[in-house]
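Here is what each chain is made of, one letter per residue.
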Amino acid sequence: GAKQRGKNTYQMYLRQMSMSLQRRVEMEAQLRHAIENREFTLFYQPRIELSTNHCTGVEALIRWNNPQLGLVMPSDFIPLAEETGAIVPIGEWVLREACRQAAEWRANGLSIHVAVNLSARQFADPHLHESIIEALEDARLPGELLELELTESMVMRHPEQAARWLTSVKKTGVRLSIDDFGTGYSSLAYLNRFPIDLVKIDRSFIRNVPDSHSDTQITSAVIALGHSLGLTVIAEGAETQAQIDFLRREGCDEVQGYFFSRPIPADDVWGFLGRPLQTGTGSAPMPTTKSVR
Ligand code: C2E
Ligand code: MG
Ligand code: MG
Ligand code: MG
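Residues numbered from 1 in each chain as written. Chains lettered and ligands numbered in written order. Predicted model: local features only at pLDDT ≥ 70, side-chain atom pairs only at ≥ 80, totals over all residues. Heavy atoms only, no water.

Per an unreviewed UniProt entry, the recorded name for the protein is EAL domain-containing protein, and the organism is Trinickia fusca.

Pasting the structure below:
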């Protein structure tokens, strides 16, 4: 009867919960050893400048290659790492590895920006500034080639403090961007009191362009306002030709999305770009759109 069904459902619920708790505990323990076990790797997603069709930069995106769990995506462990504080050493590893890779590309004639995601916990870590300087120095990477991605909520939490910190970090030459823009509740005009260089329009808007009238209007507005504030505007998650056409028409500066490329291993970046003909020009030529999809 209904009572029995209710009981079964409840037991199933308990089973699922304890399974996820067990998984959580396992993951937590494994996360602690993942750096020394060299289980993390960075993938890189190219960003394309629409006016030139050149790749101007890549975003470093972490993957966890765990012998038991397989390839774990960031959405499945970053929140846990954030909760437990493991994100601080992980984030530091990401910063160092991304700088090392960017310096290696640069030494081989490919000067592209490498963007690194910062987490809220990392942003609150008093040693972050030092870690950034060290990562740049150890890799011998000019700060200009590193980009730090922050979210609205991170800078809006303690705006005065964030503004001071960002202003001092800017002295290393790094570029600062606001990631996932539009998902928080801050205005671009307000965000402009922080020394940011770029704004990335969240994928949830781009996904519905140009079909949804409101998302299309919002996207156009962010591009126009971003430009009037002197920001470089990047659209995240463009997958279709129609989206690219629209973004190009609206003057969006750069696009990062599956249309051009998924995140790829560092070694595949050369293949994506085609061997660069000119070196040290700040960007490498890109093969035709179709061949790189
Ligand atoms: P994000 O920083 O907004 O990165 C973009 C995410 O969107 C990536 O997912 C990328 O693969 C995905 N994406 C890009 N273009 C498309 C598209 O056209 N279609 C679709 N469906 N997806 C697209 P990924 O790699 O799974 O990362 C998810 C999130 O995890 C990132 O979002 C970022 O918030 C976080 N993350 C990734 N790596 C790191 C890291 O090293 N440190 C920290 N703190 N967070 C990270
Ligand atoms: Mg990002
Ligand atoms: Mg994003
Ligand atoms: Mg994000």
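Once you've had a look at it, read on.
Trainee: I tried to follow the pairing of strand E4 (residues 113-117) on my own but got confused; where do I start?
Mentor: A regular strand places its side chains so that they alternate between the two faces of the sheet. Along E4, four of the five residues are buried, which leaves the element largely enclosed by surrounding structure. For strand E2 (residues 54-66) and E4, the ladder comprises four bridges, and the chain directions are parallel. In the sheet register, Glu59 faces E4, and the bridge partner there is Ala115. Both E4 and strand E5 (residues 146-151) contribute to a ladder of four bridges, which runs parallel. Residue Ala115 lies in a different strand from E5, and its bridge partner there is Glu147. (Buried < 20%, exposed > 50% of the residue type's maximum accessible area, 1.4 Å probe, protein only. Helix = DSSP H or I, 4+ residues; strand = E, 2+ residues; numbered from the N terminus. Pairing = 2+ DSSP bridges.)

Trainee: Can you walk me through the environment of Arg23 in this structure?
Mentor: Among the structural elements, Arg23 can be located in helix H1 (residues 2-34). The spacing of Arg23 and Ser153 is 130 residues in sequence and 29 Å in space, taken between C-alpha atoms.

Trainee: Could you clarify how one ought to interpret the packing of aromatic side chains in this entry?
Mentor: For any pair of aromatic rings, the description consists of the separation of the ring centres together with the inter-plane angle of the planes. As enumerated under the stated definition, the model contains eight aromatic pairs in all. For the ring pair Phe40 and Trp93, a centre distance of 6.0 Å and an interplane angle of 40° mean the geometry is tilted. Of this pair, Phe40 sits in strand E1 (residues 40-49) while Trp93 sits in helix H3 (residues 87-107); the two residues are 53 residues apart in sequence, bridging distant segments of the chain. The partly exposed category is assigned to Trp93, whose relative accessible area is 23%. (Phe/Tyr/Trp six-rings, centres within 6.5 Å; stacked < 30°, edge-to-face > 60°.)

Trainee: Explain the coordination of the magnesium ion (ligand 3) here, please?
Mentor: Asp179 (OD), Asp180 (OD), Glu236 (OE) and Glu236 (OE) make up the full set of protein donors to the magnesium ion (ligand 3), lying at 2.0 to 2.5 Å. For the magnesium ion (ligand 3), the single-chain donor residues occur in sequence as D-D-x55-E. The two metals, the magnesium ion (ligand 3) and the magnesium ion (ligand 2), are separated by 4.0 Å and share Asp179 as a common coordinating residue. (Donors = N, O, S within 2.8 Å, 3.2 Å for Na, K, Ca; no water.)

Trainee: Help me understand a negative patch on the surface, please; the structure alone is not making it clear to me.
Mentor: On the surface, a cluster of negative charge is contributed by Glu92, Glu130, Glu134 and Glu137. A per-element tally of the negative patch places helix H5 (residues 128-139) first, with three residues. Tracing the sequence through the fold places Glu130 in helix H5. In this structure Glu130 comes out as partly exposed when scored by relative accessible area, which is 49%. (Patch = residues over 30% accessible without salt bridge, like charges linked within 9 Å, V, L, I, M, F, W, Y side chains within 5 Å. Areas by Shrake-Rupley, 256 points an atom, 1.4 Å probe, with all protein chains shown as cover. Salt bridge = Lys/Arg side-chain N within 4 Å of Asp/Glu carboxyl O. Lys, Arg positive; Asp, Glu negative; His and termini not counted. Charge placed at Lys NZ, Arg CZ, Asp CG, Glu CD.)

Trainee: What is the right way to read the packing of H3 against H5 from this model?
Mentor: Packed helix pairs are specified by the crossing angle of their axes together with the interaxial distance, meaning the distance between the axes. Two elements in contact, H3 and H5, have axes whose closest approach is 9 Å; the angle formed by their N-to-C orientations is 25°. As far as their axial angle goes, H5 and H3 are roughly parallel. Helix-helix and strand crossings are classified by hand; for H3 and H5 the assignment is right-handed. Across from Glu92, Leu95, Arg96, Cys99, Arg100 and Ala103 in H3, the residues of H5 making contact are Leu128, Ser131, Ile132, Glu134, Ala135, Leu136, Asp138 and Ala139. Here the residues of the contact of H3 with H5 are counted per class, giving eight nonpolar, one polar and five charged. (Axes fitted to C-alpha atoms, helices over the stretch in contact; angles between N-to-C directions. Parallel < 35°, antiparallel > 145°, perpendicular 65-115°, else oblique. Left-handed = near helix turned anticlockwise from the far one by under 90°. Contact = heavy atoms within 4.5 Å. Nonpolar A, V, L, I, M, F, W, Y, C, P; charged D, E, K, R; others polar.)

Trainee: How do you make sense of the site of ligand 1 when you look at a structure like this?
Mentor: Looking at ligand 1, there are 21 residues lining it, with Arg63, Asn117, Asp179, Glu239 and Tyr258 nearest. Arg203 has a polar side-chain atom sitting 3.1 Å from a nitrogen atom of ligand 1. The protein chains hide 83% of the 800 Å² of surface that ligand 1 would expose on its own. Structurally, ligand 1 is housed in the largest pocket. Breaking the shell around ligand 1 down by element, the ones donating at least two residues are E2 and strand E6 (175-181). The element contributing the most residues to the shell around ligand 1 is E2, with four residues. Per-class residue counts for the shell around ligand 1 are eight nonpolar, five polar and eight charged. (Near = heavy atom within 4 Å. Polar contact = N/O pair within 3.5 Å; in protein donor to acceptor, adjacent residues only side chain to side chain. 1 Å grid on protein atoms, 1.4 Å probe; cavity = no way out; pocket = protein on both sides within 12 Å on 5 of 7 lines; lining within 4 Å. Sits in = over half its atoms within 2 Å of the grid points.)

Trainee: What is the right way to look at the confidence of the model for the protein in this model?
Mentor: When pLDDT drops low, the exact placement of atoms in the prediction is not to be read closely. Residue-level pLDDT values for the protein average 90, and 87% of them are 70 or greater. The low-confidence segment residues 276-293 (pLDDT under 50) makes 36 contacts with residues lying over four places distant or belonging to another chain. Scoring of the predicted complex yields 0.90 for pTM and 0.98 for ipTM. (pLDDT = per-residue confidence, 0-100.)

Trainee: Help me understand the pattern of salt bridges in this model?
Mentor: Once their charged atoms are close, side chains differing in charge can pair, the charge on each being opposite to the other. Considering all chains together, one arrives at 11 salt bridges under this definition. Of the charged contacts, one joins Arg24 and Glu28 as a salt bridge, the two residues approaching to 3.6 Å between their closest N and O atoms. Of the two residues, Arg24 and Glu28 both sit in helix H1, four residues apart, roughly one turn of that helix. For Arg24, a relative accessible area of 31% corresponds to the partly exposed category.

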